[in-house]
Amino acid sequence: MTFPTYRGRLAPSPTGYLHLGHARTFWIAAVRAGAAGGTLLFRNDDLDRGRCRPEFVAAMQDDLRWLGLTWAEPMFSQSERLPRYRLALQRLHAQGLIYPCHRSRRDVLEAAGAPHEGPGADDEPVYPLEFRPPADAPLPPLGETESVNWRFRVPVGRELVFRDLRAGDQRAVAGRDFGDFLVWRKDDLPSYQLATVVDDLEFGITEVVRGADLIRSTFRQILLFEALGRTIPAFFHAPLVTDDHGVRLAKRHDALALRTLRAQGVTPASILANFSVSA
Ligand code: GLU
């Protein structure tokens, strides 16, 4: 029996300095890749033109190297792969799996009502079914460039299940727990969901290690994996790190940024001493 070689990836977004939560997730990814004798790639998730900055690209690599992480060089950047994402959009379009959406964020928020509580509470609102065009409505063609949002039509009522390697079985019902989601944005860029799936497929990623805030997104991505490739990687969603008040770390937590800790003379060894793969 032969096993596929392990291929993982680190996929930070250069929208700020990495903090201890990122460090722990990326360290877990590195440990798991190392234990499997596999390869770890570095993906620069720089599609958000408004928020990504070149100095953060340099800083995130520098901070992770300082921590002792290594990966297969060179890193690759999503902003350089737009033709690949467009091809995937065309494939989804040819399969009739997407439709143009003219609703604003506000329309969706108002129609979706009060945000739900519990798991996935920080997820985007479920796109209302009444906003969908009928399944047999003629599908407008794609343009050279897109100036409308395109959404994926989820199979309403289908239960999706995956076994997370840390958190165990995860289930969600399409149309109830998550709705039609963006694959392409009206500023002519792919959504995170589409870009990450295209990359994970094309780079032969066998295991995705990332933060638990993305568990809900994984269900959307499974639908895209099915539509575009069918080889679905394994998933390991690392628990999120919180501050002393129980608030999840965000890039505004400068006090816990690796940069800040470094400047204060904190050593990589003392940071890694607090990490464990299973916690
Ligand atoms: N760049 C994404 C983030 O920082 C991670 C995406 C992923 O690992 O799929 O949240």
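Everything quoted here is computed from the prediction, not taken from an experiment. (Residues numbered from 1 in each chain as written. Predicted model: local features only at pLDDT ≥ 70, side-chain atom pairs only at ≥ 80, totals over all residues. Heavy atoms only, no water.)

Undergrad: Please set out the pattern of salt bridges residue by residue, giving values where relevant.
TA: Tallying each qualifying case throughout the model produces 25 salt bridges. Between Asp-180 and Arg-132 there is a salt bridge whose closest N-O contact spans 2.7 Å. On the criterion of sequence distance, the pair formed by Asp-180 in the loop between β7 (168-173) and β8 (181-184) and Arg-132 in the loop between α4 (105-112) and β5 (149-152) is long-range, its members being 48 residues apart. It is possible to trace a salt-bridge network through shared partners that takes in Arg-9, Arg-43, Asp-45, Arg-81, Arg-84, Asp-199, Asp-200 and Glu-202. (Salt bridge = Lys/Arg side-chain N within 4 Å of Asp/Glu carboxyl O. Helix = DSSP H or I, 4+ residues; strand = E, 2+ residues; numbered from the N terminus.)

Undergrad: Give me the sheet that holds β5: which residues, what numbers.
TA: The three strands lie next to each other as β4-β5-β8, forming an open sheet whose pairing is antiparallel. Of all strands in the sheet, those with a lone pairing partner are β4 (98-101) and β8, marking the two edges. When strand polarity is set aside, the average angle formed by the axes of neighbouring strands in this sheet is 45°. Note: β5 against β8, three bridges, orientation antiparallel. Within the sheet, the bridge partner assigned to Arg-151 lies in β8 and is Leu-182. (Pairing = 2+ DSSP bridges. Axes fitted to C-alpha atoms, helices over the stretch in contact; angles between N-to-C directions.)

Undergrad: Tell me about the site of the ligand, residues and numbers included.
TA: The environment of the ligand is formed by Arg-9, Ala-11, Ser-13, Arg-43, Asp-45, Tyr-192, Thr-196, Arg-210 and Leu-214. Between the ligand and the protein, one listed contact pairs a nitrogen atom with a side-chain N or O atom of Asp-45 at 2.6 Å. One of the side-chain nitrogen or oxygen atoms of Arg-210 is found 2.9 Å away from an oxygen atom of the ligand. Taken together, the residues that form the shell around the ligand break down as three nonpolar, two polar and four charged. (Near = heavy atom within 4 Å. Polar contact = N/O pair within 3.5 Å; in protein donor to acceptor, adjacent residues only side chain to side chain. Nonpolar A, V, L, I, M, F, W, Y, C, P; charged D, E, K, R; others polar.)

Undergrad: Break down helix α2 (residues 54-67) for me, with residues and values.
TA: For α2, spanning 14 residues, the distance from its first C-alpha to its last is 20 Å, which sits close to the expected 20 Å at 1.5 Å a residue. Next to the buried residues of α2 lie β1 (7-10), α1 (20-35), β2 (39-44), α7 (258-263) and α8 (268-272). Looking at the residues trailing α2, positive phi occurs at Gly-68, about 105°. (Expected span 1.5 Å × (residues − 1). Contact = heavy atoms within 4.5 Å.)

Undergrad: Any chance you could break down the packing of aromatic side chains for me, citing the residues and the numbers?
TA: For the structure on display, the rule yields 10 aromatic pairs. With 5.2 Å between their ring centres and 15° between their planes, Phe-152 and Phe-181 make a pair best called stacked. Of the two residues, Phe-152 is situated in strand β5 and Phe-181 in strand β8; the sequence distance between them amounts to 29 residues. Side by side, Phe-152 and Phe-181 carry an identical accessibility label, which is buried. A ring pair is formed by Phe-178 and Phe-219, whose centres lie 6.3 Å apart and whose planes are at 15°; its orientation type is stacked. Taken together, the residues Phe-178 in the loop between β7 and β8 and Phe-219 in helix α6 (residues 215-228) connect sequence positions 41 residues apart. Comparing Phe-178 with Phe-219, the two get one shared label, buried. What links up through ring pairs into an aromatic cluster is the set Phe-162, Phe-178, Phe-219 and Phe-235. (Phe/Tyr/Trp six-rings, centres within 6.5 Å; stacked < 30°, edge-to-face > 60°. Buried < 20%, exposed > 50% of the residue type's maximum accessible area, 1.4 Å probe, protein only.)

Keep in mind these numbers describe shape, not what the thing actually does.
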